[in-house]
Amino acid sequence: MAAPMGRAWGGRSHVVGGGSDSNFKMTGREFLELDSPQQRLILERFKRMEIIQKMFNELPKADQNLCNHGKYFLAANSSLCGLAANNFFRSILHVRKATVVSAIPMAVIPFLSTAAIYEAFVYDPLFSGQLNCEVCAVIRGGLVGAVVGGFYPIFLAIPLNGSLAARYMSTPLPGKENLLRYWLTTSQPVFRKMGLGILVQALTGLYLATKQHGIYIKMLLQMNSSRDPEELPE
């Protein structure tokens, strides 16, 4: 009895396993044949990005350099704004020590922040095909230049120089109840002096976004006029 039961059990196990394998194959086939709109959209996006990258590599070197290195020019101006704001606050608060210690973060942090945010909000969406609106791209470039490249270094200099003034007791600081009013009053002359720098940063961001969008449109025109079977659908 043991042997037939063993054979029967083994046969049953074989049948069950075969059914599972068949179901697995059917499930896999259905998965491979699944063609949802979301999957088509993802595949078209990757295909679009691949073609855009291919066309970008065929651009003149001047256009490639503007797209690849333009953000660093904006970031360098942001560093200059940070250093200028740092010097203005040091003069107002009579801070004479830690010159290098305060200058390094005011040059490095605005540079890295401006380059990263411009790439994330302007360059990457533009050249990945997600930002086709010229007005939107230009507005983004101007905002990144003005806010991140101009205002942000000024706001960054406030706590840095405030902590230095408190540490070296170069200027008496008010209590917490009057702290906001004090910094608003202290920052007003700095914002007035930095007005030109903020304007330059905004115009630089506008210029970069406009030029890069023009290069992107040039690439689209080349792709639309191409007879390559892989060209993008309209």
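Residues numbered from 1 in each chain as written. Predicted model: local features only at pLDDT ≥ 70, side-chain atom pairs only at ≥ 80, totals over all residues. Heavy atoms only, no water.

Caption draft 1: Quick peek at the overall build of the protein chain. Looking only at helices and strands, one finds seven helices and zero strands in the protein chain. Ordered by position from N to C terminus, the α and β elements of the protein chain give α-α-α-α-α-α-α. Here the protein chain holds 234 residues, and the buried ones make up 34% of them. Sequence separation of 24 or more characterises 82% of the internal contacts of the protein chain that already satisfy a separation of 6 or more. As displayed, the protein chain has an accessible area near 14700 Å², and 65% of this comes from carbon and sulfur atoms. (Helix = DSSP H or I, 4+ residues; strand = E, 2+ residues; numbered from the N terminus. Buried < 20%, exposed > 50% of the residue type's maximum accessible area, 1.4 Å probe, protein only. Contact = heavy atoms within 4.5 Å. Areas by Shrake-Rupley, 256 points an atom, 1.4 Å probe, with all protein chains shown as cover.)

Caption draft 2: Spatial organisation of the packing of helix α3 (residues 61-92) against helix α6 (residues 179-193). One can describe the packing of α3 onto α6 by two numbers: an axis separation of 10 Å at closest approach and a directional angle of 135 degrees. Between α3 and α6, the angle is such that the two are oblique. Two packed elements cross with a definite hand, and for α3 against α6 that hand is right-handed. Here Phe88, Phe89 and Ile92 of α3 come into contact with α6, specifically with Trp183, Thr186, Ser187, Pro189, Val190 and Lys193. Among the residues forming the contact of α3 with α6, the class breakdown is six nonpolar, two polar and one charged. (Axes fitted to C-alpha atoms, helices over the stretch in contact; angles between N-to-C directions. Parallel < 35°, antiparallel > 145°, perpendicular 65-115°, else oblique. Left-handed = near helix turned anticlockwise from the far one by under 90°. Nonpolar A, V, L, I, M, F, W, Y, C, P; charged D, E, K, R; others polar.)

Caption draft 3: Inspection of the packing of α3 against helix α7 (residues 195-225) at higher detail. Packing of α3 against α7 leaves a shortest axis separation of 10 Å and a crossing angle of 170 degrees. Judged by the angle between their axes, α3 and α7 are roughly antiparallel. For the pair α3 and α7, the contacting residues are Asp63, Leu66, Cys67, Gly70, Lys71, Phe73, Leu74, Asn77, Ser78 and Cys81 in the first and Gly197, Gln201, Thr204, Gly205, Leu208, Lys211, Gln212, Ile215 and Lys218 in the second.

Caption draft 4: Layout of helix α5 (residues 134-168). Here α5 contains 35 residues, and its C-alpha end-to-end distance of 50 Å stays within 8% of the 51 Å for a straight helix at 1.5 Å per residue. Considering bend angle alone, the principal kink of α5 is centred on tyrosine 152 and spans about 40 degrees; proline proline 153 follows within four residues of it. Once α5 ends, the next one or two residues include methionine 169, with phi positive near 50 degrees. (Expected span 1.5 Å × (residues − 1). Bend = angle between axes of the 7 residues up to and from the residue.)

Caption draft 5: Summary view of the nonpolar core. Of all hydrophobic cores here, the largest spans 21 residues; its most connected members are Phe56, Tyr118, Phe127 and Met219. Every element with two or more residues in this core is listed here: α2 (37-57), α3, α4 (99-127), α5 and α7. If one sorts the elements of this core by residue count, α7 sits on top with seven residues. Apart from residues no more than four positions distant in its own chain, methionine 219 is found in contact with Ile52, Met55, Phe56, Leu59 and Phe127. One finds Leu93, Trp183, Met194 and Ile198 within the second-largest nonpolar core, a separate group that totals 19 residues. (Core = buried A, V, L, I, M, F, W, Y, C linked by side-chain atoms within 4.5 Å.)

Caption draft 6: Representation of the environment of glycine 162 in the model. Summarising the element assignment, glycine 162 is placed in helix α5. In the structure, glycine 162 is positioned 72 residues away from arginine 90 in sequence and 9.0 Å away in space, judged by C-alpha atoms.

Caption draft 7: Just the confidence of the model for the protein chain, in detail. This prediction gives the protein chain a mean pLDDT of 82; 78% of its residues lie at or above 70. Ignoring residues within four places in sequence, the model shows residues 1-34, a span with pLDDT below 50, making one contact including any to other chains. Here residues 227-234 scores under 50 on pLDDT; set against residues more than four positions off or in separate chains, the count is 10 contacts. (pLDDT = per-residue confidence, 0-100.)

Caption draft 8: How the structure looks around the pattern of salt bridges. Scanning the model with the defined rule gives two salt bridges in all. For aspartate 63, the salt bridge goes to lysine 218, with nearest N and O atoms at 2.9 Å. Of this pair, aspartate 63 sits in helix α3 while lysine 218 is found in helix α7, placing the two residues 155 residues apart along the sequence. Glutamate 119 is paired through a salt bridge with lysine 71; the nearest N and O atoms lie 2.5 Å apart. Of the two residues, glutamate 119 sits in helix α4 while lysine 71 sits in helix α3, which places them 48 residues apart along the sequence. Residue classification places glutamate 119 among the partly exposed residues on the basis of a relative accessible area of 27%. Residue classification places lysine 71 among the buried residues on the basis of a relative accessible area of 10%. (Salt bridge = Lys/Arg side-chain N within 4 Å of Asp/Glu carboxyl O.)

Caption draft 9: How the structure looks around the packing of aromatic side chains. If you walk through the whole model with that rule in mind, you get seven aromatic pairs. With 6.1 Å between their ring centres and 80 degrees between their planes, phenylalanine 127 and tyrosine 216 make a pair best called edge-to-face. One end of the pair, phenylalanine 127, is in helix α4; the other, tyrosine 216, is in helix α7, and 89 residues separate them in sequence. Classification of phenylalanine 127 as buried rests on a relative accessible area of 11%. By relative accessible area, tyrosine 216 is classed as buried at 1%. Among the aromatic residues, those joined into a cluster by ring pairs are Phe89, Tyr182 and Trp183. (Phe/Tyr/Trp six-rings, centres within 6.5 Å; stacked < 30°, edge-to-face > 60°.)

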